[in-house]
Amino acid sequence: MLHPCLSCGACCAYFRVAFHWSEADAALGGVVPPELTETLDPHRLVMRGTQASRPRCVALQGTVGEAAHCGVYERRPSVCREVEPSWEFGRPSPQCDKARLGHGLPALTPADWASSSAA
Ligand code: SF4
Ligand code: SF4
């Protein structure tokens, strides 16, 4: 069984994904592809697509709830790295649950990890 996130992607199509501009500045060690971002305010960028009324990050590949993955996984912003899938580490994740429920998917349970492989 695959990692539950690979048949989900809901959090990449639910929240505004905002982060400090330096994360997309290679001169400062930033790794986020600048062409996939747009300016939110003087301090922050957002991933393109995540400010829409129905957000979907431009980097998200596939279909939410079926098969989905981040197209820039190794270069994703810090906020994406901080989203914890519910019960992967033995505790619920309000962000994960909210995004999944918003897409009509059930919240993950400990049972979802019992037979999954590591990410
Ligand atoms: S963290 Fe949760 S909402 Fe995000 S892709 Fe994984 S299972 Fe889906
Ligand atoms: S950068 Fe990747 S992990 Fe972050 S919201 Fe976009 S698709 Fe999801």
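Everything that follows concerns the structure shown earlier in this document.
The paragraphs below set out a description of the structure included in this document.

Our focus in this paragraph is unusual backbone geometry. Here the phi dihedral of Trp87 falls at roughly 70°; this positive angle occurs in a residue that is not glycine. Within the secondary structure, Trp87 sits in the loop between helix H1 (78–82) and helix H2 (94–102).

For the rest of this paragraph, the subject is the nonpolar core. Counting residues in hydrophobic clusters, the biggest one holds 10 residues: Val17, Phe19, Ala24, Val32, Leu36, Leu45, Met47, Cys57, Ala59 and Val72. Aside from chain neighbours lying at most four places away, what touches Leu45 is Val17, Ala18, Phe19, Trp21, Ala24, Thr37, Glu38, Thr39 and Leu40. One finds Ala13, Phe15, Ala68 and Ala99 within the second-largest nonpolar core, a separate group that totals 9 residues.

What surrounds ligand 1 is the set Cys5, Cys8, Gly9, Ala10, Cys11, Val83, Pro85, Cys96, Arg100 and Leu108. Residues that form the shell around ligand 1 fall into these classes: 8 nonpolar, 1 polar and 1 charged.

What follows deals with the site of ligand 2. If you check the shell around ligand 2, you find Cys12, Val17, Met47, Cys57, Ala59, Leu60, Cys70, Val72, Arg76, Pro77 and Cys80 and nothing else. Of the residues in the shell around ligand 2, the class split is 10 nonpolar, no polar and 1 charged.

On the secondary structure map, Glu23 appears in the loop between strand S1 (18–20) and strand S2 (37–39). Put simply, Glu23 is tucked away with no salt bridge, and the nearest opposite charge, on Arg81, sits 6.3 Å away. With near-sequence residues (within four places) excluded, Glu23 lies in contact with Gly30, Val31, Val32, Pro77 and Ser78.

Right, let's get into the sheet that holds strand S3 (residues 44–47). Spatial ordering of the open sheet is given by S1-S3-S2, a layout of 3 strands whose pairing is antiparallel. At either end of the open sheet lies a strand with only one pairing partner, and these are S1 and S2. Recorded for the sheet is a direction-independent mean angle of 40° between the axes of neighbouring strands. Of the strand pairs in this sheet, S2 and S3 are connected by 3 bridges, and their pairing is antiparallel. Paired with Glu38 across the two strands is Val46, which belongs to S3.

So, on to the pairing of strand S5 (residues 67–70). One ladder, built from 4 bridges, connects strand S4 (residues 60–63) with S5; its direction is antiparallel. The residue of S5 that forms the bridge with Gln61 is His69. The loop that links S4 with its antiparallel partner S5 comprises 3 residues; one of these, Gly65, has a positive phi angle of about 85°.

What follows deals with the pattern of salt bridges. In total, this model carries 2 salt bridges according to the counting rule given. For Arg91, the salt bridge goes to Glu84, with nearest N and O atoms at 2.7 Å.

A separate point is the packing of aromatic side chains. As enumerated under the stated definition, the model contains 1 aromatic pair in all. Taking 5.0 Å as the distance between ring centres and 80° as the angle between the ring planes, the aromatic pair formed by Tyr14 and Phe15 counts as edge-to-face. If you follow Arg76 out to its NZ or CZ, it ends over the ring of Tyr73, 3.8 Å from the centre.

Turning our attention to the environment of Ser78. Among the structural elements, Ser78 can be located in helix H1. Given the relative accessible area of 25%, Ser78 is considered partly exposed. Separated by 77 residues in sequence, Ser78 and Met1 have C-alpha atoms that sit 27 Å apart.

Conventions and cut-offs
- Residues numbered from 1 in each chain as written.
- Chains lettered and ligands numbered in written order.
- Predicted model: local features only at pLDDT ≥ 70, side-chain atom pairs only at ≥ 80, totals over all residues.
- Heavy atoms only, no water.
- Helix = DSSP H or I, 4+ residues; strand = E, 2+ residues; numbered from the N terminus.
- Core = buried A, V, L, I, M, F, W, Y, C linked by side-chain atoms within 4.5 Å.
- Buried < 20%, exposed > 50% of the residue type's maximum accessible area, 1.4 Å probe, protein only.
- Contact = heavy atoms within 4.5 Å.
- Near = heavy atom within 4 Å.
- Nonpolar A, V, L, I, M, F, W, Y, C, P; charged D, E, K, R; others polar.
- Lys, Arg positive; Asp, Glu negative; His and termini not counted.
- Salt bridge = Lys/Arg side-chain N within 4 Å of Asp/Glu carboxyl O.
- Pairing = 2+ DSSP bridges.
- Axes fitted to C-alpha atoms, helices over the stretch in contact; angles between N-to-C directions.
- Phe/Tyr/Trp six-rings, centres within 6.5 Å; stacked < 30°, edge-to-face > 60°.
- Lys NZ or Arg CZ within 6 Å of the ring centre and 35° of its normal.

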